[in-house]
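Analysis of the macromolecular model
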Amino acid sequence: MSEISPGFGELRLGNLGVRLAEAPDEVDAAQALRWRVFYEEMGALPDAATAATKRDADSYDAVADHLLVLDHDRGEGAEAVVGTYRLIRRPAAAQIGRFYSSSEYDIAPLEALPGEILELGRSCVDEGYRTRGTLQLLWQGIAAYVFHHKILVMFGCASLPGTDPDALAEPLTYLHANHLAPPELRPRALPDLYVPMRRMDPAALDAKRVLADLPPLVKGYLRLGGYVGDGAVVDRQFNCTDVCVVVKTDQVTAKYYKHYERKLGATGE
């Protein structure tokens, strides 16, 4: 298997590849995919401009890096985009004045950390491509990005479907009871948005079942030793309930190092 290069060339797996967007039309294709998944499929509520353009877009898109999964059987460039993840580092957030997550969470403990931090967001995959292979490609792309930019911590809002916290009592309680971030890494939902996550007695949970039922993205973060912040936030526009996830990247980079070492060993470099 090839490697994402320091210049972020493409990692291939059969007909699929993952790399950073290289042209405006590829970013536009990612925004169109986000529209289809978030608005048409998941029931997000568009404003007039979003409905007119059929694009999920905001000011952060112009400063972010956009990781893309491409199906080369569909063509090249924009027409091949079937998955995306938006990546925002400190310098990009500084151009806007804050990270996207700051609209829901106090992330001061993360911003106070030395070194580079990375905000992950707007993750989605076309319905026909929600397979283990596609998700593995996305994670390998993120690992390469983290490795290259020496990211120490990554974070972002991850969503649970629906806007009724009581209907989400089991996953919210499970996450709070088992994966709450240590104080030095713990974001907290803004006071006017704060929804308590402990909504039942954790002892009453079937933890194994609740974990199995979590969205794949959330489970992926937890497998990497991820934590959640304090408090959930109901996002009625996107028809979901958000939790803030924090991942120290040592496990991410360790897996990437091992993959890179295997590649070097195989080639004799």
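See the structure above.
Keep in mind it's a predicted model, so treat the numbers as computed, not measured.

1. Topic: the overall build of the protein chain
From N to C terminus, the protein chain includes 9 helices and 11 strands. Over its C-alpha trace the protein chain gives a radius of gyration of 18 Å, about what one expects of a compact globule, namely 18 Å for 269 residues. Across its three principal directions, the C-alpha atoms of the protein chain cover 55 × 45 × 35 Å. By residue count, 48% of the 269 residues in the protein chain fall in the buried class. Summarising the internal contacts of the protein chain: among those between residues at least 6 apart in sequence, 75% fall at separations of at least 24. Across the protein chain, the mean location of the 29 positive side-chain charges is 4 Å away from that of the 38 negative side-chain charges.

2. Re unusual backbone geometry
At K150, a residue that is not glycine, the phi angle is positive and equals roughly 55°. Tracing the backbone through its elements, the reader meets K150 in the loop between α5 (132-149) and β7 (151-161). Residue K150 is classed as exposed on the basis of its relative accessible area, which comes to 64%. Of note, N239 is a non-glycine position whose phi angle comes to about 55°, a positive value. With respect to the element layout, N239 can be found in the loop between β10 (233-235) and β11 (240-248). Residue class for N239 comes out partly exposed when judged on its relative accessible area of 31%.

3. What about the pairing of β7?
Where strand β6 (residues 116-125) and β7 come together, 4 bridges link them in parallel fashion. Residue pairing for β7: I117 is matched across the bridge by V153.

4. Considerations on the side chain of K219
Note that K219 resides in helix α8 (residues 216-223). Comment: no salt bridge for buried K219; closest opposite-charge side chain is D213, at 6.8 Å. For K219, the side chain forms a polar contact with the main-chain oxygen of A212, separated by 2.8 Å. Once residues within four sequence positions are removed from consideration, K219 is found in contact with L211, A212 and L214.

5. Remarks on helix α6 (residues 169-179)
Listed in full, the buried residues belonging to α6 are A169, P171, L172, T173, Y174, L175 and H179. Those residues of α6 hidden inside the fold are in contact with β7, α7 (207-213), α8, β9 (227-228) and β11.

6. A short note on α8
Turning to α8, its buried residues are V218, K219, G220, Y221 and L222. At the exit of α8 stands G225, carrying a positive phi of roughly 80°.

7. Notes on the pairing of strand β2 (residues 16-20)
The buried count for β2 comes to 5 of 5 residues, which makes it a mostly enclosed element. Burial along β2 is two-sided: the face carrying L16, V18 and L20 and the face carrying G17 and R19 are both buried. In this structure, the hairpin formed by strand β1 (residues 11-13) and β2 is closed by a connection of 2 residues, where G14 is found at a positive phi of approximately 65°. Relative to strand β3 (residues 65-71), β2 runs antiparallel, the two sharing 5 bridges. Bridge pairing links L16 to D71 in β3.

8. Topic: the layout of surface pockets
A water-sized probe, rolled over the atoms, reveals where empty space remains. By volume, the second largest pocket amounts to about 180 Å³. What lines the second largest pocket is a set of 14 residues, among which D58, Y100, R122, Q237 and F238 lie closest to the centre. Of the residues assigned to the lining of the second largest pocket, the class counts are 4 nonpolar, 3 polar and 7 charged.

9. Topic: the environment of L45
Residue placement: L45 occurs in the loop between α1 (24-41) and α2 (48-53). Placed 129 residues apart in sequence, L45 and Y174 show a C-alpha to C-alpha distance of 29 Å. Setting aside anything within four residues of it in sequence, one finds L45 in contact with Y39, R236 and Q237.

Thresholds applied
Residues numbered from 1 in each chain as written. Predicted model: local features only at pLDDT ≥ 70, side-chain atom pairs only at ≥ 80, totals over all residues. Heavy atoms only, no water. Helix = DSSP H or I, 4+ residues; strand = E, 2+ residues; numbered from the N terminus. Rg over C-alpha atoms; globule rule 2.2 N^0.38 Å. Buried < 20%, exposed > 50% of the residue type's maximum accessible area, 1.4 Å probe, protein only. Contact = heavy atoms within 4.5 Å. Lys, Arg positive; Asp, Glu negative; His and termini not counted. Charge placed at Lys NZ, Arg CZ, Asp CG, Glu CD. Pairing = 2+ DSSP bridges. Salt bridge = Lys/Arg side-chain N within 4 Å of Asp/Glu carboxyl O. Polar contact = N/O pair within 3.5 Å; in protein donor to acceptor, adjacent residues only side chain to side chain. 1 Å grid on protein atoms, 1.4 Å probe; cavity = no way out; pocket = protein on both sides within 12 Å on 5 of 7 lines; lining within 4 Å. Points joined across faces, edges and corners; volume = space filled by probe spheres on them. Nonpolar A, V, L, I, M, F, W, Y, C, P; charged D, E, K, R; others polar.

Distances and angles like these do not, on their own, reveal function.
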